[in-house]
Amino acid sequence: PRKRGRERYARATLGSAPGISGSPMARSSTTKKGSSAKKAKGVSKGSVTKGSTTVKTSILGRKEKGSNAKKGPAVTYKIDCSIPAADSIFDADLLKGFQQYLLERIKVRGRTGSLRDNVKVSLDDNNVLVRVYIAFSKRYLKYLTKKYLKKKTLRDWLRVVAVDKTTYELRYFNIHDQDEGDDE
């Protein structure tokens, strides 16, 4: 279906150019990308100015993916550290270090340190809030949280549990069940 559209497009733009017959072989040679017939007519990539913004367009007139792509709705992910903070395992310095760790390690389009306005990381009491304006995986936050806990040697006592669609919570491993089994 896509090829037929290009063939019609080539026929419509080229019209009755010399040396083009109605045979399928002749048509397929004119529809190849970068053919001399298209270049002669001036059909190429360009940019269109709409108001004060410039939008890049492809040959078929569609917008290209790039920095001008629309941002999706904002989503706020929350990492609740209140349980270890109540036992003074996660103090204020460790929370600020965790926030800084997330700011340094979160990747946007495969690069660290390029958050700009796409990702905001903030602290709220014993919670770390990650506000995201682009497509972002909640699972990635769990991965980074586990890495940070391992770095601070807290991974043996704490685990990361999903509470709801946008929230993770740091909890202790259930060691009491194992202790009761050892007594018997």
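Computed from a predicted model, the values in this text were never measured in an experiment.

Moving on to helix α5 (residues 92-105). Helix length check: α5 (14 residues) gives 20 Å between terminal C-alpha atoms against 20 Å at 1.5 Å per residue, within 8%. Among the structural elements, β3 (75-80), β6 (119-124), β7 (127-132) and α6 (138-151) are those in contact with the buried residues of α5.

What follows covers the confidence of the model for the protein. Of the residues in the protein, 57% have a pLDDT of 70 or more, and the chain-wide mean is 76. Across residues 35-44, where pLDDT falls below 50, the model places 12 contacts with residues more than four positions away in sequence or in other chains.

Located in the positive-phi region is serine 88, a residue other than glycine, with phi close to 55°. If you check the backbone angles, arginine 109 has positive phi at about 55° while not being a glycine. Locating arginine 109 in the fold gives a position in the loop between β4 (107-108) and β5 (111-112). The exposed category is assigned to arginine 109, whose relative accessible area is 69%.

Spatially, the 5 strands line up as an open sheet ordered β6-β7-β3-β9-β8, and their pairing is mixed. The sheet is open, and its two borders are formed by β6 and β8 (158-164), each paired with just one other strand. Each strand axis lies, on average, 20° off the axis of its neighbour in the sheet, ignoring direction. As paired elements, β8 and strand β9 (residues 167-172) share 6 bridges and run antiparallel to each other. Bridging from a neighbouring strand, leucine 158 pairs with tyrosine 172 of β9. Together, β3, β6 and β7 form the strand contacts of α5, whose direction differs from that of β6 by roughly 175°.

Criteria and thresholds
Residues numbered from 1 in each chain as written. Predicted model: local features only at pLDDT ≥ 70, side-chain atom pairs only at ≥ 80, totals over all residues. Heavy atoms only, no water. Helix = DSSP H or I, 4+ residues; strand = E, 2+ residues; numbered from the N terminus. Expected span 1.5 Å × (residues − 1). Contact = heavy atoms within 4.5 Å. pLDDT = per-residue confidence, 0-100. Buried < 20%, exposed > 50% of the residue type's maximum accessible area, 1.4 Å probe, protein only. Pairing = 2+ DSSP bridges. Axes fitted to C-alpha atoms, helices over the stretch in contact; angles between N-to-C directions.

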